Every structure is written in structure tokens, then in C-alpha cells.
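# Structural overview for review
If you want the building blocks of each chain, they are given just below.
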Amino acid sequence: MTQQITGELYKNMIINAAAAIENNKQEINDLNVFPVPDGDTGTNMSLTIGAAETALLSMTPGTLGHVTEVTASALLRGARGNSGVILSLLFRGFSKSLKELDTANASDLAGALTAGVESAYKAVMKPAEGTILTVSRLAADAAVTAAENETDIEKVLETALEKGYEALAETVNQNPVLQKAGVIDAGGKGYLYILDGMLQAMRGVVITKAVTTVTDSGKADFAQYTAEDIKFAYCTEFLIERKQTSKDANKLRDYLDVRGDSIVVVDDDAIIKVHVHTNDPGVVLTEALTYGALLAIKIENMREQHSEAVSDAGASTGVPAAAAPEEMKDFAFVTVCAGKGLEEIFHNLGVDRVITGGQTMNPSTEDILEKILSAPSDNVFVLPNNKNIIMAAEQCIPLTEKRVIVIPTKSIPQGVTAMLSADGISDINEMNDTMRDAIKKVHTALVTTAARNSVFDGQKIKKGSHLALVDDALTVSSNDFNTVITSVAEALSAFNPEFITIFTGDEAQEDEIKAVSEFVSSYAPDVEVSIIDGGQPVYRYIVSAE
């Protein structure tokens, strides 16, 4: 039984909800047909509420009102796609209803759910039945009725969910698009996963994110549509800063009404969030500029998305179809590395093209350009991961009409950190700045063997001796491997890192790896030390501290 929602509980409810929809996003994606493929509903909703999760994880919850305000703000700024925007509206109204409260009871929750629905309906130009709006409205109505005689918040939310699932089952009959495809509404189902995650948090159940196996049953039949069925081709989303304007956002909504559909305009104190399907995004953006500076612009061609979806469906069912081009993205990533382990790491982090190379194997400008041209985006980030490759990568910039952004990563750890820092960011300029700032915090040690007699940084080096370089500066050269590892551990611990990662090369042995890890840990006992099988040549160990 739950009698009140505190700020701490609400934080846990949102985190649980983010995990619930993340675990089921592919199932939701497979249902998405409104009006045709318009981004992926499950992915968009997951990323939207994931923005709130990120914001909440970094804060100590205070009053319920404050936590709901932080949640709503993060959702609005992180909203992706039509479904993500509507989700942010639902929580925005929820927040406004509770903003003055330290805690909430069952009646407060029911009222907040209703306020969320009102906020969403108000912002959507032409609300359609058989969508997330219908499901959320009927669920809220059920919560209000239940709260009249019930003080247990869990039971109120449970009642709302029961009615929500009933409403969801009817969406296939209410919406002609869904009826044609034979599926229920994707956004409505996503919303119920979120409410269920919140209910589970009240019951003390923690949902962990996991990979979910999804069958093909229930998928939308995209082949029932043709590209010509799409009246407005371009899904256009952007933010408008409100610093320099006091113009009424309703006028922008009216302007869009005669130039597109699926219109959502959210007017907040600091920004205006816009989603519209139109055939002329340039005209829309020009008008939007009269309201303020534009941020986070995203334009997608839905006719191309539809054609790819039909082609993919044909391939999965054995029906002959033309070879589908790789799906174009807002941006793509190209990186340089050597070693199966490192390649797998970068692919898992979202890198689209890997160039095999690095120390002793510097790829040419042509090698890099080839990967840029084949990358599935007109905006390509390049991570050289070696100071000797940066210039070659930069030479590609004037050789293609694509926008090429070279992040000056000088080591594998910097490349990994850059990719991790980019997770969840949708604005290219913000991503560029974030990645550049992130790599400045990474210190890298390289452990290798001298290939010949030489003099480096004023030190005489004998062929076959062990070497350690920290941030490209020679730290030690010795025939004693333990001396080299000691030097590395001392140098990296001096940076007072929070994390140390050891990437093992193809020459590293299991017993030695364990010993190296324990030795490094002894110099930084309060630091988390991770070991990753990089499989890289040349460098027996790559050790990073950040």
C-alpha cells in the first residue's frame, strides 16, 4: 500500500519507467504505423524518458514538486519524434499540477494524470482518437473515479492501467491507419509500459534494463501503404529559444496548420518545441526564425523510411524485394583501431565504420575518405585515435560534400570516452563540443616493446626493451617489465582518476594480466579498475585514467 508519493519515490518511478520502456522498445517499434514510419516510436519514447532518467540520477531529490519539474524539463528538451513530444506534454501537465506539493496522495495523482492529458490535447493541433491521447485520457478518467473512494495510490494507478489496456485494445478499431495495418497504437502501448514501471516502483520492484527477445507477431504491415499515401513527406522537429521574442506560439501553430499535419507545438517559458509533417521544411524553418533562434533541428524523409521498411519486411518474409539501402542517420561515426576486441567495443558504442589501422598502420586520406563516403549519414564524425592520423582525417573535409567533423582523439581510450560521452545527444554541435571536452579528461599510457635501438625524449632505448609512454611522453625504458608497470601505475595514479581501464593486447598472457591489474589497483585502491580484451597489436597494454 502506498499513501503518498515523495520526491524520492517519484525519482525511482521515473527510473523504473525508463527501464520498462527500454526493455520493450523494439516491440513498440514494430507497431509503429502512424501515419507511416516516422522514426521509431519505442526508441523515441525510450530516449525521451531516458533524458529524464539521466537528469534524475545526478540529483538528490527534494520535494515532489521539484523532482517533477526536473523530470518535465528534461523530457521536453530530450523529446524525440511525435510520440516523444506527446509523452513530454503528459509529464509537463503532470508537473504543473504537482509543482507546489511536497508529497502527493491518490487524489493528487489522479488530478496530475488528468492535467497531463489536458496539456497534451491542448498542444496537439488535431487530436486523433485511437492514439496515445485516447489511452492516456481514459486511463486518467479511471484514476479520478477510483480516487474518489480509494486512498491507496497503487490501487488507483492499477485501475488506470486496467482501463488503459482496455482502451489500447480498441485503438485498432478507432484509427483507420491502425485498422489497415492490423495493430494497436504504439505510443499508447509505450505509455502503459511507463505507467506500469511507475507502479512497480511503488511496490518496491526494481526493473533492470536487459536485452529483450521479440517475435515478429504483432508487427505492422507496412506493405499495405505506398509512399504516395504519405501526404507530407518530411518529419520536421526543432526548438525555438524564447530569449528574444514574445510572439504568441498559437500563431505559429495556425501557420503550420495549413502547411502540414501531425502538428505539436509546446510553448514553455524558455523554449518552443515544434513537431510537424510538411512538404516544405525550409519555409517552416524560415517562419520559425521570426520567433527566435533555432536549436536541435531534425528533418527526416518519411517516404524513404517507408520504402526501407517495406523492403526490410519483404526480406524477412521471403518476398522478393529490392535491396534496401542502409538507413540514413542524423550522423554517423568513423573510427580507426586495430584488434578484434577494440573493433567490437566501437561497434557496440555505435560506430558505423571501422578503419583497421593505428600505430605502424596509419591509414591514408583515401582510406578514411572511403569510409566517410560509405557512412550512412551526411554528417560524419571521425575519430582518428592516433595523433599521426588526425591530419590525414582533416584532409577529407574539403574532399566531400558531406559535413565531416574530426574529433582529435589521440588514443583508443580517448576514442572510447568520446563515443560514451555522445550517447543520448541529438544535436551535432552539442555532440562536437561534448566529445572534445570529454577527451581532455583522459590520460593514456602505452606499454610496448622497442623495435630497434633509438633515442627518444633524450633517453637511449635498446631494441627489445619495455617502454611506457604516458600522454605521448616516454616515461621509462627498461628490460624489467615490473619497472615499466610501476612507472605506469605511479604516473596514472597521480592524476587522481575515478576510473582506470586496461585494454589488453594480443601478446598479453592471462596470468600476467591479473598481476598487472592487481598492481595498478594497489597504487589506486579507491579507483575502479576494469580490464577489456582489446586484442590490439603493438601495444601489450593500453591503460587509461579519467
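Right, let's get into the pairing of strand β6 (residues 353–356). Here strand β5 (residues 332–337) runs beside β6; their pairing, made up of 4 bridges, is parallel. Bridge pairing in β6 places T335 opposite V354. Running through helix α14 (residues 340–348), the crossover from β5 to the neighbouring parallel element β6 is right-handed.

This part is about the sheet that holds strand β8 (residues 403–406). Read from one edge of the open sheet, 4 strands run β6-β5-β7-β8, paired in parallel fashion. Each edge of the open sheet carries a strand with a single partner, namely β6 and β8. Mean inter-strand twist for the sheet, computed between neighbouring axes without regard to direction, equals 20°. Where helix α17 (residues 412–422) meets the sheet, it contacts β5 and β7 (379–383), and its direction lies at approximately 160° from that of β5. Against the sheet, helix α18 (residues 428–439) makes contact with β5, β7 and β8, and its axis sits at roughly 5° relative to β7, the strand it touches most.

Looking at the chain, pLDDT values average 83 and 86% of them are 70 or higher. Taken element by element, the chain is modelled with least confidence in helix α13 (residues 302–317), mean pLDDT 52, and with most confidence in β7, mean pLDDT 96. Contacts for the low-pLDDT stretch residues 34–39, under 50 throughout, to residues beyond four places or in other chains number 26 contacts.

Attention shifts here to unusual backbone geometry. With the exception of glycine, the majority of residues adopt a negative phi angle, and the majority of peptide bonds are in the trans configuration. Positive phi is not limited to glycine here, since D472 has a value of about 75°. In this structure, D472 sits in the loop between β12 (466–470) and β13 (473–478). A positive phi is found at V538, a non-glycine position, where the angle reads about 70°. The residue V538 is located in the loop between β15 (528–536) and β16 (541–545) in this model.

Time to look at the nonpolar core. Judged by nonpolar contacts, the single largest core of 69 residues is most densely connected at I5, Y10, I49, I194, M198 and M202. If we ignore the near neighbours within four places in the chain, the residues touching M202 are T2, I5, L9, M13, L109, I153, E154 and L157.

Now for the pattern of salt bridges. Counting across every chain of the model gives 10 salt bridges. R203 serves as the salt-bridge partner of E158, at 2.5 Å between the closest nitrogen and oxygen. Of this pair, E158 sits in helix α8 (residues 153–174) while R203 sits in the loop between α10 (186–202) and β1 (234–241); the two residues are 45 residues apart in sequence, bridging distant segments of the chain. The shortest N-O distance in the salt bridge between E166 and K163 comes to 3.6 Å. On the criterion of helical spacing, the pair formed by E166 and K163 is a turn pair, its members being 3 residues apart in helix α8. For E166, a relative accessible area of 48% gives the class partly exposed.

With that settled, the discussion passes to the packing of aromatic side chains. Aromatic ring pairs are defined here through the distance separating the ring centres and the angle between the ring planes. A full pass over the atoms with the stated rule returns 7 aromatic pairs. Taking the centre distance of 6.2 Å and the plane angle of 45° together, the rings of F91 and F94 count as tilted. Of this pair, F91 and F94 both sit in helix α5 (residues 81–98), 3 residues apart, which is roughly one turn of that helix. Judged on exposure class, the residue F91 and its partner F94 are both buried. Joined through ring pairs, the aromatic side chains of Y10, F91 and F94 make up one cluster.

This brings us to α14. Every α-helix winds through 3.6 residues per turn, so residues three or four apart in the chain are directed the same way. Buried within α14 we find G341, L342, I345 and F346. Taken around the axis of α14, the buried residues stretch over an arc of 130°, which confines them to a single face. Pointing more than 90 degrees away from the buried face of α14 are the exposed residues K340 and N348. In the core, the buried residues of α14 are packed alongside β5, α17, β14 (499–505) and β15. Backbone geometry just after α14 places G350 at a positive phi near 105°.

This next bit is on the environment of F333. Within the secondary structure, F333 is located in strand β5. Taking the C-alpha atoms as reference points, F333 and F346, separated by 13 residues in sequence, lie 9.5 Å from one another. Contacts of F333, omitting those with residues within four sequence positions, involve G350, V351, D352, R353, F381, L383, M419, A422, M431 and M435.

This part is about the sheet that holds β16. What the 6 strands build is an open sheet, ordered β13-β12-β9-β16-β14-β15; its pairing is mixed. Two strands in the sheet have a free side with no partner beyond their single neighbour: β13 and β15. When strand polarity is set aside, the average angle formed by the axes of neighbouring strands in this sheet is 15°. Two elements, β12 and β13, share 5 bridges in a ladder whose sense is antiparallel. Looking at β13, one finds that L469 is bridged to L474.

Two elements in contact, helix α6 (residues 106–123) and helix α7 (residues 132–147), have axes whose closest approach is 8 Å; the angle formed by their N-to-C orientations is 155°. On the basis of the axis angle, α6 is roughly antiparallel to α7. The element α6 and its partner α7 pack so that their crossing is left-handed. Of the residues in α7, those touching α6 at A106, S107, A110, L113, T114, V117, A120 and Y121 are L133, T134, S136, R137, A140, A143, V144 and A147. Residues that form the contact of α6 with α7 fall into these classes: 11 nonpolar, 4 polar and 1 charged.

What counts, and where the lines are drawn
Residues numbered from 1 in each chain as written. Predicted model: local features only at pLDDT ≥ 70, side-chain atom pairs only at ≥ 80, totals over all residues. Heavy atoms only, no water. Pairing = 2+ DSSP bridges. Helix = DSSP H or I, 4+ residues; strand = E, 2+ residues; numbered from the N terminus. Right-handed = clockwise from strand over helix to strand, strands pointing away. Axes fitted to C-alpha atoms, helices over the stretch in contact; angles between N-to-C directions. Contact = heavy atoms within 4.5 Å. pLDDT = per-residue confidence, 0-100. Core = buried A, V, L, I, M, F, W, Y, C linked by side-chain atoms within 4.5 Å. Buried < 20%, exposed > 50% of the residue type's maximum accessible area, 1.4 Å probe, protein only. Salt bridge = Lys/Arg side-chain N within 4 Å of Asp/Glu carboxyl O. Phe/Tyr/Trp six-rings, centres within 6.5 Å; stacked < 30°, edge-to-face > 60°. Arc of directions from axis to C-beta. Parallel < 35°, antiparallel > 145°, perpendicular 65-115°, else oblique. Left-handed = near helix turned anticlockwise from the far one by under 90°. Nonpolar A, V, L, I, M, F, W, Y, C, P; charged D, E, K, R; others polar.

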